[in-house]
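# Structural characterization, general
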Amino acid sequence: RRRSRRAAARTSVKIQCRKGALGLGPNIGNKMLDISDSGLRMIIAQSVDLLAEVEIIIDGYGMKDRIKRIGNVRWQVKMDDGQFLVGIEFQKCLSYRDWQIIASPN
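Residues numbered from 1 in each chain as written. Predicted model: local features only at pLDDT ≥ 70, side-chain atom pairs only at ≥ 80, totals over all residues. Heavy atoms only, no water.

## Regarding the overall build of the protein
Rules: Secondary structure counts use DSSP, requiring at least four H or I residues in a row for a helix and at least two E residues in a row for a strand, with both numbered from the N terminus. Within these notes, the globule rule equals 2.2 Å times the number of residues to the 0.38 power, and the radius of gyration is based on C-alpha atoms. Only protein chains enter the calculation, and the probe is 1.4 Å; a residue is then buried if its accessible area is under 20% of its type maximum, exposed if over 50%, and partly exposed in between. Working rule for contacts: check all heavy atoms of both residues, and any pair within 4.5 Å makes them a contact. Computed with a 1.4 Å probe, the accessible areas rest on the Shrake-Rupley method; for each residue, only the protein chains presented here act as cover. In this tally, Asp and Glu contribute negative charge and Lys and Arg positive charge; neither His nor the terminal groups of the chain are included. Note on charges: their place is set at NZ of Lys, CZ of Arg, CG of Asp or CD of Glu.
Counting its secondary structure elements, the protein contains 1 helix and 6 strands. The C-alpha atoms of the protein give a radius of gyration of 13 Å, which matches the 13 Å a tight globule of 106 residues would have. Dimensions of the protein, computed from C-alpha atoms along their principal axes, come out at roughly 30 × 30 × 25 Å. Per-residue burial over the protein gives 42% buried out of 106 residues. A sequence separation of at least 24 residues applies to 59% of the contacts in the protein between residues at least 6 apart. As displayed, the protein offers around 6600 Å² of accessible surface, 47% of which is attributable to carbon and sulfur atoms. On the protein, the mean spot of the 19 positive side-chain charges and the mean spot of the 11 negative ones are 4 Å from each other.

Rendered as structure tokens:
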């Protein structure tokens with residue numbers, strides 16, 4: 001059972017993922033697969049340690065401000081193409097309104 005409902009992100013949503021809580025360094029995020037109020041599942045370009053902190057920045061059409069969240073990598077799977085599929089849990093949950101803006105209605 002999941003504690004939060006998941007949904008795919010709208011196509012207009014852009015995401016960045018940076019190692020560490022300070023947001024320094026290159027963007028390693030490639031694609032967000034789905035999101036809930038407590039975390040997200042995404043594809044990243046390089047390996048990250050389990051429980052490592054990452055900064056997530058979400059931006060897109062119709063959003064007044066960027067959404068920044070610090071999260072912890074909960075699991076990671078290496079894909080055949082050399083990228084990594086990760087699950088990230090936010091340290092502070094998204095508001096329902098923010099989640100509705102990001103999530104696809106379908």
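Having put the structure on the table, let's press on.
## Some points on the nonpolar core
The test is simple: Definition of nonpolar core: a set of buried residues of the types Ala, Val, Leu, Ile, Met, Phe, Trp, Tyr and Cys, connected through side-chain atoms within 4.5 Å.
Counting 26 residues, the largest nonpolar core has I35, L40, M42, I56, I58, I88 and I102 as the members making the most contacts within it. Elements represented by at least two residues in this core include exactly β1 (13-19), β2 (29-35), β3 (39-44), β4 (53-60), β5 (67-78), β6 (84-90) and α1 (96-102). Per element, the largest residue contribution to this core is 4 residues, and it comes from β6. Sequence-distant contacts of I88, defined by excluding residues within four places in its chain, comprise C17, S38, G39, L40, M42, V54, I56, G71, N72 and V73.

## Focus on the sheet that holds β1
So the rule is basically this: For two strands to count as paired, DSSP must find a minimum of two bridges between them. With axes taken as lines fitted to C-alpha atoms, and helix axes fitted only over the stretch in contact, angles between N-to-C directions fall between 0 and 180 degrees.
A sheet is described by the order of its strands in space; here 6 strands give the open sequence β1-β4-β5-β6-β3-β2, paired in antiparallel fashion. Taken across any chain shown, the strands that pair with only one partner, and hence form the sheet edges, are β1 and β2. The mean inter-strand angle of the sheet, taken between neighbouring strand axes irrespective of direction, is 35 degrees. Of the strand pairs in this sheet, β1 and β4 are connected by 7 bridges, and their pairing is antiparallel. Considered in β4, the bridge of C17 is made with I56.

## Overview of the environment of L50
For L50, the position within the fold is in the loop between β3 and β4. Look past the residues within four positions of L50 in its chain and what remains in contact with it is V73, R74, W75 and Q76.

## Looking at the side chain of R69
For clarity, the cut-off: Definition used for salt bridges: Asp or Glu carboxyl oxygen within 4 Å of a side-chain nitrogen of Lys or Arg. Whenever two N or O atoms come within 3.5 Å, that pair is a polar contact, provided that in protein one can donate a hydrogen and the other can accept it, and provided that, for residues adjacent in sequence, both atoms are side-chain atoms.
Positionally, R69 belongs in strand β5. The side chain of R69 is buried and forms no salt bridge, while D98, the nearest opposite charge, is found at 4.6 Å. At 3.5 Å, the side chain of R69 and the backbone oxygen of C93 are in polar contact. Once residues lying within four places of it in the same chain are set aside, the contact partners of R69 are V54, E55, I56, F90, K92, C93 and L94.

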